[in-house]
Amino acid sequence: MRFAVFTAALVAASPAAAASGPFFSLRNTDFIVLLAFLVFLAVLIYFKVPSILAGLLDKRAEQITSELNEAKSLREEAQALLASYERKQKDVQAQADRIVEAAKKEASDAAAQAKVDLEASIKRRLAAAEEQIASAEASAVKEVKDRAVTVAVAAAREVIASQIKAADANKMIDDAIAIVEQKLH
């Protein structure tokens, strides 16, 4: 019934009646608006709309807070991951620098060793060449001496053969045999 009266009051209140009559009259539009506003607030309170709105707002605030916390933890995790990658990058760079330095040192050592080996090889080859030259020289000298002895013996044979007589030759042979017998006994 109240609802019917209220509805009738709302329908009866027309804009033309707004300026006439006392304030607490259904013909005063200000009063009607006030009543409608109060009824609206009462309906909102009756249906617990403010607590529902507050609950929704609290729920949304909690959701935003959890999202912010999650974003904060993700940010911290990302910063930790970034720091880890930066450390790894520095470690890898340091390792690469050490590898380059080691490679340079090994190359330098290998070059120095190759130089030493080359010098030793050259010395060995020079010594072998000098040995071959000395050997060839000694062989040539020996060959020349042998040839000279052979020529001298042949020449001496011819000279002796032409100058010695048979009796002198027999005497020389007998003397040589005697000398050999003395030296053997």
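Residues numbered from 1 in each chain as written. Predicted model: local features only at pLDDT ≥ 70, side-chain atom pairs only at ≥ 80, totals over all residues. Heavy atoms only, no water.

Colleague: What is the right way to read the overall build of the protein from this model?
Modeller: Looking only at helices and strands, the protein has 4 helices and 0 strands in total. Ordered by position in the sequence, the α and β elements of the protein form the string α-α-α-α. For the protein, the residues scored as buried account for 5% of the 185 residues in total. (Helix = DSSP H or I, 4+ residues; strand = E, 2+ residues; numbered from the N terminus. Buried < 20%, exposed > 50% of the residue type's maximum accessible area, 1.4 Å probe, protein only.)

Colleague: Is there a simple way to explain the packing of aromatic side chains in this structure?
Modeller: Aromatic ring pairs are described here by two measures, namely the spacing of the ring centres and the angle between the planes. This model, assessed by the stated rule, comprises 2 aromatic pairs. Where Y46 meets F47, the ring centres are 5.1 Å apart and the plane angle is 80°; that geometry is what we call edge-to-face. Both residues of the pair, Y46 and F47, belong to the exposed class. (Phe/Tyr/Trp six-rings, centres within 6.5 Å; stacked < 30°, edge-to-face > 60°.)

Colleague: What am I meant to see in a nonpolar patch on the surface here?
Modeller: A cluster of nonpolar side chains, F23, F24, L34, F37, L38, F40, L41 and I45, forms an exposed patch at the surface whose accessible area comes to about 830 Å². Mapped onto the elements, L34 comes out in helix α2 (residues 29–46). Classification of L34 as partly exposed rests on a relative accessible area of 38%. (Patch = residues over 30% accessible without salt bridge, like charges linked within 9 Å, V, L, I, M, F, W, Y side chains within 5 Å. Areas by Shrake-Rupley, 256 points an atom, 1.4 Å probe, with all protein chains shown as cover. Salt bridge = Lys/Arg side-chain N within 4 Å of Asp/Glu carboxyl O.)

Colleague: What's the story with the pattern of salt bridges in this structure? I'm lost.
Modeller: Opposite charge on two side chains makes pairing possible when the charged atoms of those side chains draw close. For the coordinates displayed, the defined rule picks out 1 salt bridge. The partner of D109 in a salt bridge is K105, and the shortest N-O contact between them spans 3.1 Å. Remark: K105 and D109 occur in helix α3 (residues 49–163); sequence separation between them is 4 residues, near one turn of the helix. Residue D109 is classed as partly exposed on the basis of its relative accessible area, which comes to 39%.

Colleague: Explanation requested: the confidence of the model for the protein in the structure shown.
Modeller: With 88% of its residues at a pLDDT of 70 or more, the protein has an overall mean of 84. For the protein, helix α1 (residues 2–12) is the element with the lowest average pLDDT, namely 52, and α2 is the one with the highest, namely 93. Here residues 14–19 scores under 50 on pLDDT; set against residues more than four positions off or in separate chains, the count is 8 contacts. (pLDDT = per-residue confidence, 0-100. Contact = heavy atoms within 4.5 Å.)

Colleague: Sorry if this is basic, but what is going on with unusual backbone geometry here?
Modeller: The bulk of non-glycine residues show a negative phi, and the bulk of peptide bonds are trans. One non-glycine residue, K48, lies in the positive phi region at around 55°. By secondary structure assignment, the location of K48 is in the loop between α2 and α3. Look at K48 and you get exposed, because its relative accessible area is 56%.

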